[in-house]
Each structure stands twice: as structure tokens, then as C-alpha cells.
Number of protein chains: 2
Amino acid sequence: MPEIEVIPNGHVTTPKGFRAGAVCASMYASGPKAGALDLALLYSERPCSAAAVFTQNLVKGAPVILSQERMAAGRVRAVIANSGCSNSLNGPGGYDDARLMTELAASHAGLAAEEVAVASTGVTGVRMPMDKIKAGIARIVARPEGGHDFAVAIMTTDTRPKEIAVRVRTAAGSYTIGGCAKGSGMIHPDMATMLAYATTDADVEPGLLRTLHRQVADETINMVSIDGDTSCSDTFLALANGAAGLARIEAGRPEADGFRQGLLAVSMHLARELARDGEGAGRLMEVAVTGAASVEDARRIARTITTSPLVKTAVAGCDPNWGRILVAAGRAGGRLVEAKTTLKLQGRTLLARGASQPFVEAEMRAKLDAAEVLIELDLGLGDASATAWGCDLTTDYVHINADYTT
Amino acid sequence: MPEIEVIPNGHVTTPKGFRAGAVCASMYASGPKAGALDLALLYSERPCSAAAVFTQNLVKGAPVILSQERMAAGRVRAVIANSGCSNSLNGPGGYDDARLMTELAASHAGLAAEEVAVASTGVTGVRMPMDKIKAGIARIVARPEGGHDFAVAIMTTDTRPKEIAVRVRTAAGSYTIGGCAKGSGMIHPDMATMLAYATTDADVEPGLLRTLHRQVADETINMVSIDGDTSCSDTFLALANGAAGLARIEAGRPEADGFRQGLLAVSMHLARELARDGEGAGRLMEVAVTGAASVEDARRIARTITTSPLVKTAVAGCDPNWGRILVAAGRAGGRLVEAKTTLKLQGRTLLARGASQPFVEAEMRAKLDAAEVLIELDLGLGDASATAWGCDLTTDYVHINADYTT
């Protein structure tokens, strides 16, 4: 098994052969992002394997539509990203703007436009200010140290950047995987957007990268929910450029599993940080479902619990109201038999194969007053499991989304 | 077509041949329901046709399990109902308590236990205080004027009872349909529960009653959402006793359509009132989807919009952030093509077949500052339509569900 070690202050350009840079393109006229980095470029110095997962929403932003086309062409090794405007719900004009952004970025970085994806997050239904974008791209200096600036530039109402890098040590040598993400939130009140990036200097065969990336996305980023609202811009992109100089990792080889574990560590970290920094969140909620009849059932039940307003408000209020958890599980659409179900909250068993267990309310309230709340549900039906991450629902969430005036 | 007229101050015993009564069984030790009516009986003086729709949650309260058995036996003409304890998640003991409640009520009212359904709403995982229930049932005086008390007794955190009666005038004579419901909320913080009842003195053939009741439930009560959390106690029961003395209404006859319209009027009223009085709600939100490829698509999209936290917070904040509505529609799972979609908010067109329409934000904010907010989405794909009702998401919802301590 490979050793996986977190690199202090690591980010998306910690892996070799990646560069990034960011500028303030003045996308925000006011609020905490005014004057902050809001336009950024990330690229590999050499051709890459690339894999991407996009929003399943039928309403897709122009950047998603264009990036899907670029992924299909198979040459992507860069992304131009901005906050402050999602360039969605803008019709064909929005698509033209997205394409022009990639052309400007490609020309600036000495790439072909077909090598550049684009990601935009912010207000919907407003055209991209292309004058600002054009002037901004011209000022970007992409450096091997620029990964942190990239993570900062894509933030909207995130309270902090989310980034990580890990070193994967194998018998054949070491390589690095970096990652960053932005979570849900906006300065302008708008839908949440999730953008995530993983980079590596391992050489990963493109088909294998796509397979592992999809698997890991389904286990991590796709198991995060802040409020159940998907965005028209959600994107998770992985780039593998081989700059570490090791042999290509191919399917069926032991190295493939090591790479999977490294990518999982990076993505899991980003998923947890996304949930912890959800809009208005006071606590991270981790829901681990075991004993399910199928992985699909386990995922459905875990996700439904993380999105239940009644569970989320109970977690906010340190309320050991475990019936809410069970009833949310019961509407998820996965198999569940009350008499076989065991529920633990913060490690304390409250329901054992359908029999409720006495507890001292004040003690449970004290246990729940924590930065992380762990809900463990064993269905007693099979061997499948899944974990989902979410956050509590506080009055701050409502304030952020109801009271912020444009 | 029949004439349908609302009867002032009508309720579930406005139709002939029904009786109801309620007492305070001291189910609540504190809070606004302490000392208020909390235990109630409703029954028909004569045998009935009966139809019921229960929660789809896999976690079902004992009263639901027992009432489903009673409905299958085909003789139900009464319900004993209480607030303050939902008698759910209590295992086999809870089922025994539910059965004993029906036996006590039957004995008190001179009915057979098989004729009595039971409905309980309130805290989960706590056994029913059967001493209070037994003493309470013995004190119930069921009267032809008791319908209003019944509606009051089943309330939890509802701010007002929801009730109505209509007179249906047909060529053959008049009959009456009454209804009442309780919405989401609790004194003890617990999951929302919806209970609804319809009574009529029309004589409706049992199979027809079941068909029409299911159709109407799907169009009205099942299109309400306060927070997306279904309950383990949800019940909608309809009783038709024929006391008006008119000929039996059977399938395929014009009278069947008249009865359907009357039942629809009663249920629609209850659905709207349930949504308007959702926990913490400041505004009723009505979402009308037209032009859908199928009724299922229309319902999915309408319901998803009413449950979207980002739409609900925008409605709370009078924010004309229409992108949130479209993006919620895009994740609903029904067919939608952005370029064919038209969206109106409070009667104002904001998106016309995919093209966004300019508006003055201050004007839209003023229009949205209303007791009822109407969202009309035309998908431009077919002829199917559906309407859903919900409410805004306010900080009061979070306070009610997070901060109320037991």
C-alpha cells in the first residue's frame, strides 16, 4: 500500500509542472470581495490527461456547456475561472463570451483555445463584463507558486479557501496530488456553485483517470450538500501531467489503486471543507450509513439526512431529536426496516435494532455542541455503506440568502 | 355543472350525520398548547364509505399502521385523534396503545373498534400517556356542532385551525362537504405532521370515493411542502355517510364529477391554508407549472421549486432572483429546455422562451412584498400542468426547530 502524506500549505500547483495566477478584475463593486482576486488561470506546462464531472442540472451555464465540448475534444490542460458572474441564463451571447474567455486565456498563456476549459461562478442572468475580463487576463502572471491565489480567486461567500496537496510514495517513486475547491455562497444573492480542481504530476492513462475521478467524485464531492440546491455551474476537473517522471499508471496495475487512494484523500478533504464552510454553517455534519442493501440505498439515505431541514436545525440547536434522523431516512427511497435499524449520535447509541435507548438529554446536548457532529446509521440489511457531509441550518443561512440586497 | 358555495364557519360536522367533540387531556405540560384541547373524536352516526391516504415514509407511526389495517377491513366511520404525542418509533408497545385508543373510543361512542381509525401527532419515541388518554376519552361529548373543536384539538404549532365546508347544489338536491387539517409544527421540537379530514353527507360508492379521494389528494394535499420533510404520521381521511338522503353517487355518472369538484374545493382550501401557516412562514408561495411534457414532470418541477431553500429565502427577502427558480426547476428531474421556458413572477414576465426580460428591481421587490407570491412557469413542451404550494423560509423556521428546548 502506498504512503500518503499531507504536504503543509499544499495547493493545486504543488504538483510539478503546473502554473497558476490570479488578478482582481473588479468583478465586485461592493462587499467583501470588492478589490479581491476574482479572475484566475491554472494550467499544466505540458499536455495532460484530464477528467471532469459537471452539474446534472438541465439548466447549464455557458461555461459548463463549452467546457463539456472541450473535454470531449480531449486536449484540456488549463482552466480560466472567475467569480462575480456565473455567465448562466444568458443565451447564445453567454456562450460566445465563454468561448472568447478561453481564446484570450489561451493566447495569453501560449496555449490553443481547445486546451482551455472555463468556469464562472456568481450572479445569474447577467452578461459577463468582457472588457474587465479581457484587461484582467492580460495582467495574469502564472507561476509555479500561484495555486493558493487560484483558490482564493474562485471564492465567493466562502469564508476561507479550501486546498490541499498530498505526496503519494510508492515503490517506484513519489508523486503529488493537489486540490482546491470553492463552496456554496455568493455576494450577490444567487445559487450556490461548487467548483473543484485536482492536479497531479503522476502520469495517469486518460481512461483510468476518468474512471477513478468519477468514482472518487461520487464518494466525496457528490456526497456534499449545503442546501440541496444544485447549481448550473458545478464542475470538478482533474488534470494529470506526468511531470513527476514516473511510469504511466494504467488500469489493473497496483499503482492505480495507490493513485485512487491519493485522489480520494484530496477529494475527501475538499468535500469535508466544503460542508464545514457551507453558508451560515456552524457545524460540519457527517452521516455514515452502513449495513445497507446497496450502495445506492446507502447514498440516498445518507444524502437525504444531510439535506433534511429538520435534522439540520436540530444539529444547529444541539437537539438530540433522533426521531428526525430516522424519519428523514424513511423518506429517502432506500430500503429500511425500523426494527433492524441502529442509530448512533456522537458515538452514543440511541436506537438499537429498533429499540430506543434511554439517554440523559443534557449530556447529549453537551456532546452535540461540537464543531463536528457524527451520525451513524446501521440498517442491518446488507454490506453496503456510504458517507455524506453537510452542515447545520442556522438563521445565518437565511440572512445570507434572504436579506442581502443587491 | 354543480354550484359550489362556501358555508360560513363551516367545518367537519357541518355535513349531516357527523358528530365531534374534544377535551384537554393535558398532553402538554407547557407551551401554548398547555391547557388547550388536545384529544378529539369525530364519527359518523351511520355507516360510511371511507377512503384514506397515508404517509409514504418507510417509518410509519403505530397509528398509521393500525389505521391502514382498519381501512383494509372496510368499516371505518370514526377517528380518535390527539396532539402532543405521535406514538411513533415506540415498537410493538406503541401499536398496542394505538389499538387500545380505538377500543376506548369505540366503547365510549357505541361503535365497534374496527370502525375507528386513530391519528396522533407530536413528539416521537415517547410512549403515549394512556392514563391521560383513557380519562380524556371518557370525558368527550360528541355533538353535531363539535367539528370546530376537533380542528382545534389536532393543532400543534399551527397558528390557527384550518377548516371549511361547501354546499354542492345539483339538479337532484344539495349535499355538504366539510374539511379540516393541521399543518407542520410541534411544541416539542419534532417532525412535521399533516392530518386532514373530509366529511360529506353525500352517499358515495366506496370505490368511487377511493378513486376521487386519491386524485384530489394528489392534486392538493400532496402538492404542499413546508420543508420537504415527510412525517411518519401523515394521514388524509375522507368519510361519506349519505345523510343528505340523495341517491348514491357512482362512477361514470355526472354527479361523480360534481362531487369531485366539491372535494377538490375543500382540499384545495386546506392545502393552501397548510402552506400559508407553515412553520415560520411569512408568505404563501403558489407555483403553477404549465406546458409540461407530462403531469408527473409538472408536479416534480412545481414541488422542487416549492422546496428549494434558495427560492424560499428569496421569497422571504422579496428578492426577484428568478435564476434560482429556473435552476431549481432544472434539477427536478422533469424535462425542461431553457430556450423554451417562460417564467412569470407576480404576473410579470422575467423570462420569455429563454430570453431574459428587463425589469426594475425596486418595482419587483415591491410586488413581492405580498401575502401570496405567484410563480408561473410555462415549459413550452406539452399540455400538462400542476400547481404546488409552499411558503417562504424565514429565520423563524430555524428558531422554531433549533432553539425550542424541551
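Report on the accompanying structure. Just so we're clear, the structure is a prediction, and the values are computed from it rather than from any experiment. (Residues numbered from 1 in each chain as written. Chains lettered and ligands numbered in written order. Predicted model: local features only at pLDDT ≥ 70, side-chain atom pairs only at ≥ 80, totals over all residues. Heavy atoms only, no water.)

1. Comments concerning the sheet that holds strand β6 (residues 116-123) of chain A
Residue and element names in this part refer to chain A. Heads up, the condition is: A pair of strands is labelled paired if DSSP reports no fewer than 2 bridges between them. Segments assigned H or I by DSSP are reported as helices when at least four residues long, segments assigned E as strands when at least two residues long, and all are numbered from the N terminus. Helix axes are fitted to C-alpha atoms over the stretch in contact, other axes to C-alpha atoms as well, and angles between N-to-C directions run from 0 to 180 degrees. Note on definitions: a residue-residue contact is assigned when non-hydrogen atoms from the two residues lie within 4.5 Å.
The strand order across the open sheet formed by four strands is β2-β3-β5-β6, and the pairing between neighbours is mixed. Each having just a single partner strand, β2 (18-23) and β6 make up the two edges of the open sheet. Across the sheet, the mean angle separating the axes of adjacent strands is 10° when strand polarity is ignored. Note that strand β3 (residues 39-44) and strand β5 (residues 78-85) share five bridges and pair antiparallel. Paired with Leu-42 across the bridge in β5 is Val-79. Of the strands in this sheet, β3, β5 and β6 touch helix α2 (residues 91-109), which is tilted by about 125° from β6. Seen against the sheet, helix α3 (residues 130-139) touches β2, β3 and β5 and runs at an angle of roughly 50° to β3.

2. What about the packing of helix α8 (residues 309-316) of chain A against helix α9 (residues 322-330) of chain A?
Helix-helix packing is described using two parameters, namely the angle between the two axes and the distance between the axes. Residue and element names in this part refer to chain A. Convention followed: Put simply, angles under 35 degrees are roughly parallel, angles over 145 are roughly antiparallel, angles from 65 to 115 are roughly perpendicular, and the rest are oblique. Put simply, a crossing is left-handed when the front helix is turned counterclockwise from the back one by less than a right angle, and right-handed when it is turned clockwise. Polar here means any residue other than Ala, Val, Leu, Ile, Met, Phe, Trp, Tyr, Cys and Pro, which are nonpolar, and Asp, Glu, Lys and Arg, which are charged; Gly is therefore polar.
In the contact formed by α8 and α9, the axes pass within 9 Å of each other and the chain directions differ by 155°. The orientation of α8 relative to α9 falls into the category roughly antiparallel. The hand of the α8/α9 crossing is left-handed. Residues Leu-310, Val-311, Thr-313 and Ala-314 of α8 pack against Arg-324, Ile-325 and Ala-328 of α9. By residue class, the composition of the contact of α8 with α9 is five nonpolar, one polar and one charged.

3. A closer look at the pattern of salt bridges
What counts, and what does not: A pair is scored as a salt bridge if a Lys or Arg side-chain nitrogen falls within 4 Å of a carboxyl oxygen belonging to Asp or Glu. The cut-offs for exposure are 20% and 50% of the maximum accessible area for each residue type, with area from a 1.4 Å probe on protein chains only; residues under the lower value are buried, those over the upper are exposed, and the others partly exposed.
Across all of its chains, the model carries 47 salt bridges over all chains by this definition. The partner of Arg-77 of chain B in a salt bridge is Glu-115 of chain B, with the nearest N and O atoms 3.2 Å apart. Pair noted here: Arg-77 of chain B is in the loop between α1 (62-73) and β5 (78-85) and Glu-115 of chain B is in the loop between α2 (91-109) and β6 (116-123), with a separation of 38 residues, a long-range link. Since its relative accessible area comes to 11%, Arg-77 of chain B is described here as buried. In this structure, Asp-158 of chain B and Lys-182 of chain B form a salt bridge, with 4.0 Å as the shortest nitrogen-oxygen distance. Of this pair, Asp-158 of chain B sits in the loop between α4 (147-153) and β7 (162-170) while Lys-182 of chain B sits in strand β8 (residues 173-182), placing them 24 residues apart in sequence. Neither residue differs from the other here; Asp-158 of chain B and Lys-182 of chain B are each classed as buried. Among the charged side chains, a network of salt bridges with common partners joins Arg-272, Glu-273, Arg-276, Glu-286 and Glu-372 of chain A.

4. So, the pairing of strand β11 (residues 284-292) of chain A
Residues and elements named next belong to chain A. Burial analysis of β11 places seven of its nine residues in the buried class, the great majority of the element. As defined by bridge partners, β11 adjoins strand β15 (residues 372-378) across seven bridges and the pair is classed as parallel. Bridge assignment links Thr-290 to a residue of β15, and that residue is Asp-378. Across seven bridges, β11 lies against strand β16 (residues 384-391) in antiparallel orientation. Directly across from Glu-286, in β16, lies its bridge partner Trp-389.

5. As for unusual backbone geometry
Comment: phi is negative for the bulk of residues other than glycine, and the bulk of peptide bonds are trans. For Arg-353 of chain A, which is not a glycine, the phi torsion comes out positive at approximately 45°. Relative to the helices and strands, Arg-353 of chain A is located in the loop between β13 (348-352) and β14 (355-356). A positive phi angle, close to 50°, is found at Gln-346 of chain B, a residue other than glycine. Counting through the fold element by element, Gln-346 of chain B comes out in the loop between β12 (342-345) and β13 (348-352). Using a relative accessible area of 18% as the deciding quantity, one classes Gln-346 of chain B as buried.

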